[in-house]
Amino acid sequence: QVQLVESGGGLVQPGGSLRLSCAASGRFFSVNDMGWYRQAPGKERELVATITGGDSTNYADSVKGRFTISRDNVRNTVYLQMNSLKPEDTAVYFCNMDVVRTVADIPVGMDYWGKGNLVTVSS
């Protein structure tokens with residue numbers, strides 16, 4: 001079993017900052033790509049930022065220059081530092097990890113999701 005546990009969400013005023021974290025626990029061999037997604041009220045889930053196993057990052061245009069994704073491979077954790085937050089950033093944020101597990105001693109890549117972490121940006 002693999003679980004992703006998210007933390008760091010909450011209420012913040014426009015222009016403020018929050019730091020989200022997501023840690024993987026359980027039995028697995030490694031984690032490849034990691035990412036953050038969000039779903040705003042009445043909208044579909046969208047990609048926010050990704051980071052590869054080689055630390056290559058990619059950001060949605062709407063958050064570029066304001067958000068920073070990073071990872072800690074020792075702790076199996078992905079972070080999202082969110083600065084200069086806007087009301088449009090209000091959403092439930094989900095972390096995602098491409099986890100490599102062994103099934104019958106065979107490496108298998110599996111996609112795991114956190115349960116969601118609400119971020120509300122409001123004055």
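Structure shown above.
Residues numbered from 1 in each chain as written. Predicted model: local features only at pLDDT ≥ 70, side-chain atom pairs only at ≥ 80, totals over all residues. Heavy atoms only, no water.

### Thoughts on the overall build of the protein
Logical step 1: On a plain count of helices and strands, the protein comes out with 0 helices and 11 strands.
Logical step 2: Across the protein, helices and strands are ordered from the amino to the carboxyl terminus as β-β-β-β-β-β-β-β-β-β-β.
Logical step 3: Relative to the compact-globule value of 14 Å for 123 residues, the protein shows a C-alpha radius of gyration of 15 Å, a close match.
Logical step 4: The dimensions of the protein, computed from C-alpha atoms along their principal axes, are 50 × 25 × 25 Å.
Logical step 5: Across the 123 residues in the protein, those meeting the buried criterion constitute 41%.
Logical step 6: Looking at the protein alone, contacts between residues at least 24 apart form 56% of all its contacts between residues at least 6 apart.
Logical step 7: Carbon and sulfur atoms form 48% of the exposed surface of the protein, whose accessible area is close to 6,800 Å². (Helix = DSSP H or I, 4+ residues; strand = E, 2+ residues; numbered from the N terminus. Rg over C-alpha atoms; globule rule 2.2 N^0.38 Å. Buried < 20%, exposed > 50% of the residue type's maximum accessible area, 1.4 Å probe, protein only. Contact = heavy atoms within 4.5 Å. Areas by Shrake-Rupley, 256 points an atom, 1.4 Å probe, with all protein chains shown as cover.)

### Here's the deal with the pairing of strand β5 (residues 46–51)
Logical step 1: Sheet topology note: the strand β4 (residues 30–39)/β5 ladder contains 5 bridges and is antiparallel. The partner of Met34 across the bridge, within β5, is Ile51.
Logical step 2: A loop of 6 residues connects β4 with β5, the two strands running antiparallel in sequence, and Gly42 in this loop sits at a positive phi of about 75°.
Logical step 3: In this structure, β5 lies alongside strand β6 (residues 57–59), joined through 3 bridges in antiparallel fashion. Within β6, the residue paired with Thr50 across the bridge is Asn58.
Logical step 4: Here β5 folds back onto β6 in antiparallel fashion, the turn holding 5 residues, of which Asp55 has a positive phi close to 70°. (Pairing = 2+ DSSP bridges.)

### What to know about the environment of Asn83
Logical step 1: Turning to its location among the elements, Asn83 is positioned in the loop between β8 (77–82) and β9 (91–103).
Logical step 2: Taking the C-alpha atoms as reference points, Asn83 and Gly42, 41 residues apart in sequence, are found 24 Å from one another.
Logical step 3: Discounting chain neighbours no more than four positions away, the residues touching Asn83 are Gly16, Ser17, Arg66 and Phe67.
Logical step 4: A distance of 3.0 Å separates the side chain of Asn83 from the side chain of Gln81, its partner in a polar contact. (Polar contact = N/O pair within 3.5 Å; in protein donor to acceptor, adjacent residues only side chain to side chain.)

### Thoughts on the pairing of strand β1 (residues 2–7)
Logical step 1: Burial along β1 is one-sided: the face carrying Val2, Leu4 and Glu6 is buried and the face carrying Gln3, Val5 and Ser7 is not.
Logical step 2: Relative to strand β3 (residues 18–26), β1 runs antiparallel, the two sharing 6 bridges. Bridged to Glu6 within β3 is Cys22.

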